[in-house]
Amino acid sequence: ASGWHLCLVGRPLRIQEVTLEQGKTILQTAGVHGLRMWWAASFRIILQGTGHPLLEAKYAVFRARVIGPDRLQLLDGEGTPVDQPLETSMGVVRLPLARSLWHAACPGPAVCVGFSFAVAGLTMFVSLTWTMKDAMTDIEYDYTDVIVSGTALALLYAIFVTVLVRCVTHETPLQVQIANYRGLLRQRHPDPRPCDRGPGRAIQAGQLLDLLAYFQVFVKDRAMYYIVGNIVEPLTAPDRLSFAELAGPGTLDWFVSHFWGHAFGDFCSSIQKHAQVVCGADARPDAWRLQRYWICSFSNNQHKVKEELGSTWSQSSFYLALLSPQRRGTCLVVDEAALALTRSWCLFEVAQTVELEKSLQDGHHGLVFCTSSGVMNEGHASAEVSLGRASRLSTLRLQDADASDPKDHAMIRDFVLNEMGGFDKMNAEIRTRIACALRNAKGVVLNSFESLEAALGSTDPRKVSVKVSSCMPPEASCLRPVFFAIRNSIAQGNVQNH
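Residues numbered from 1 in each chain as written. Predicted model: local features only at pLDDT ≥ 70, side-chain atom pairs only at ≥ 80, totals over all residues. Heavy atoms only, no water.

A.B. asks: Tell me about the sheet that holds strand E12 (residues 374–375), and please be specific about residues and values.
C.D. replies: Reading across the sheet, the six strands line up as E7-E9-E8-E10-E11-E12 and stay open at both edges, with mixed pairing between neighbours. The two strands at the open ends of the sheet, each matched to only one other strand, are strand E7 (203–204) and E12. Helix H11 (residues 264–279) contacts strand E8 (254–257), strand E9 (292–294), strand E10 (329–333), strand E11 (367–371) and E12 of the sheet and is inclined by roughly 125° relative to E11. (Pairing = 2+ DSSP bridges. Helix = DSSP H or I, 4+ residues; strand = E, 2+ residues; numbered from the N terminus. Contact = heavy atoms within 4.5 Å. Axes fitted to C-alpha atoms, helices over the stretch in contact; angles between N-to-C directions.)

And the structure:
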């Protein structure tokens, strides 16, 4: 490895992964980085092409400390350990030239590596000329020309070899996986082509879950931000298409509104649970895989985001998909903190869903609250999840929603104020729907208790209640508050119709 260290000095090192480990942000390079501390507490680094805005912000300054042959601990500009989850598996890290020479594993030989190439080339040329001297006795030539030509050729040789060596890079495991998956998609969908923006770019639930399964070792508990920047964009870059177009698009059944900061694994579970509920218990086991969802991360072309957004909200891909007559409903994927409704674009999608419900025919599902434990509207989410999400949504103020682009925020805010009757009305609309979902959950739980009563041969709910709560094993003690909260809610009837 030490031989490669000489050539890697000053060259960008490919990042294999940046992840948070035990409160420390660790950068792992693809291959041995060949750096040493040499009595320094840390050294300045430059991060490029990571796809993470916080790692490449203009004001961001990072330093690093060597903690392994292919691992660096990330520090801020003052040398304090970074403890943020700055997750990425792409990009390069480089050191300023002087620093790269100083912190190289073998700084002495590294300084003269280019000079060594030049000397080697010149020696080779002079030796060849001297060897051919006797064969050229009848030819007149100027030794000055020989020296100049030899030096020029030696320098060209040195430049060529140096550039060649510096172009040698290690492919990361994720890059290899992406290339393999692109080949797999090409087998399934041999002729990917661009299609119109909007409802025709949906993906099947099975395609979504296949993507998660293929990249699970990299996804871990990371969010959609990581998926788009590290997997979707590199995967679709050669064709400059959306993931849906690359994998094989279809016309949507469902529109999905979600927050990119939500863990991707939980997001996929939410979609799978919804697809299974929609298909019903009588459908064949894999029927849920065919349900089609319009998901901005996969349906929008991430290489042409401005075109996808359009110049006005009515020209955006989001609105075109929402307006589709084939749309059966809008799935709002709700995490524990209901962060989706703190984002302006999610608010826009929900507001449009509420507005479009007025003109929809019977059989349309409207706004559907999806969680990783099940669909709240159908009472399939766990009692604990239903209560937690309802509690959070009951206090949520949609006027506090924000967007990364101030122009988007202003546009959506004006839409709610001018087209939807203001934020108070929107807050009431959301609470009405979450109250309905909670009533359904309450009904399912109540039916379950009644079934337990019948199975236990008792007609006294209080007796069953005492038995259930008193017979709970210690490991299920965390369910007691949920049990009593639901019982009190049923007894007091504190969920009102709106």
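Text resumes after the structure shown.
A.B. asks: So what's going on with the layout of surface pockets? Residues and values would help.
C.D. replies: Which parts of space are left empty comes out when a probe the size of a water molecule is rolled across the atoms. Here the largest pocket defines a volume of roughly 1,400 Å³. Lining the largest pocket are 44 residues; nearest its centre among them are Tyr225, Trp260, Gln302, Val305 and Ser404. For the lining of the largest pocket, the leading source of residues is helix H9 (residues 224–236), giving six residues. Residue composition of the lining of the largest pocket, by class: 20 nonpolar, 15 polar and nine charged. (1 Å grid on protein atoms, 1.4 Å probe; cavity = no way out; pocket = protein on both sides within 12 Å on 5 of 7 lines; lining within 4 Å. Points joined across faces, edges and corners; volume = space filled by probe spheres on them. Nonpolar A, V, L, I, M, F, W, Y, C, P; charged D, E, K, R; others polar.)

A.B. asks: Which residues make up the packing of helix H7 (residues 205–214) against H11, and what are the values?
C.D. replies: Their axes nearest at 10 Å, the elements H7 and H11 cross at an angle of 150°. In terms of their interaxial angle, H7 and H11 are classed as roughly antiparallel. Crossing of H7 against H11: the hand is left-handed. Residues Ala205, Leu208, Leu209, Leu211 and Leu212 of H7 lie in contact with H11, whose contacting residues are Phe264, Gly265, Phe267, Cys268, Ile271, Gln272 and Ala275. Taken together, the residues of the contact of H7 with H11 break down into 10 nonpolar, two polar and no charged. (Parallel < 35°, antiparallel > 145°, perpendicular 65-115°, else oblique. Left-handed = near helix turned anticlockwise from the far one by under 90°.)

A.B. asks: Outline the packing of aromatic side chains, listing residues and values.
C.D. replies: According to the stated counting rule, one finds 16 aromatic pairs in the structure shown. Aromatic side chains Phe264 and Phe298 sit 6.2 Å apart centroid to centroid with 50° between the ring planes, which places their arrangement in the tilted category. You can see Phe264 sitting in helix H11 and its partner Phe298 sitting in helix H12 (residues 296–299), a full 34 residues away along the chain. Of the two residues, Phe264 and Phe298, neither departs from the other in class, the shared state being buried. Within the aromatic cluster, the residues linked to one another by ring pairs are Phe255, Trp294, Trp313, Phe318, Tyr319, Trp345, Phe348 and Phe415. Looking at Arg222, its charged tip hangs above the ring of Tyr226, at a distance of 4.3 Å from the centre. Lying across the ring of Trp288, Arg289 places its NZ or CZ 5.9 Å from the centre. (Phe/Tyr/Trp six-rings, centres within 6.5 Å; stacked < 30°, edge-to-face > 60°. Buried < 20%, exposed > 50% of the residue type's maximum accessible area, 1.4 Å probe, protein only. Lys NZ or Arg CZ within 6 Å of the ring centre and 35° of its normal.)

A.B. asks: Explain the pairing of strand E1 (residues 13–21) residue by residue, including any values.
C.D. replies: Strand direction decides the pairing type here: E1 and strand E6 (residues 92–94), joined by two bridges, are antiparallel. The residue bridging Leu13 from the neighbouring strand is Val93, located in E6. Of the pairings in the sheet, the one linking E1 to strand E2 (residues 24–29) comprises six bridges and is antiparallel in character. Looking at E2, one finds that Ile15 is bridged to Thr29. Counted along the chain from E1 to the antiparallel partner E2, the turn is two residues long, and its residue Gln22 has a positive phi close to 50°.

A.B. asks: Provide a residue-level description of the pattern of salt bridges, including the pertinent values.
C.D. replies: Summed over all chains, the structure comprises 14 salt bridges. For Glu308, the salt bridge is made with Arg201, and the minimal N-O distance between the two is 2.7 Å. One end of the pair, Glu308, is in helix H13 (residues 305–309); the other, Arg201, is in the loop between helix H6 (173–188) and E7, and 107 residues separate them in sequence. Per residue, the accessibility class of Glu308 equals that of Arg201, and both read buried. Residue Asp286 is joined to Arg284 by a salt bridge in which the shortest nitrogen-to-oxygen separation is 3.0 Å. A single network of salt bridges, built from pairs that share partners, joins Glu17, Glu87, Lys220 and Arg222. (Salt bridge = Lys/Arg side-chain N within 4 Å of Asp/Glu carboxyl O.)

A.B. asks: Go over the nonpolar core with me, naming the residues and quoting the values.
C.D. replies: Core analysis: the largest hydrophobic core is formed by 43 residues, its most contacted members being Leu332, Leu341, Val350, Phe369, Leu398 and Met426. Of the residues forming this core, the biggest block, eight residues, is contributed by helix H15 (residues 344–356). Residue contacts for Met426: discarding those within four places in its chain leaves Leu347, Val350, Ala351, Leu398, Val416 and Met420. Within the second largest apolar cluster, 40 residues are counted, among which are Tyr181, Ile227, Phe243 and Val375. (Core = buried A, V, L, I, M, F, W, Y, C linked by side-chain atoms within 4.5 Å.)

A.B. asks: Any details on the packing of helix H16 (residues 383–394) against helix H18 (residues 423–456)? Residues and values, ideally.
C.D. replies: The geometry of H16 relative to H18 is characterised by a closest axis approach of 10 Å and an angle of 160° between their N-to-C directions. With respect to H18, the element H16 is oriented roughly antiparallel. Of the two elements, H16 crosses H18, and the hand of that crossing is left-handed. Within the contact between the two elements, H16 uses Ala383, Ser386, Leu387, Ala390, Leu393 and Ser394 and H18 uses Arg431, Ile434, Leu438, Ala441 and Val445.

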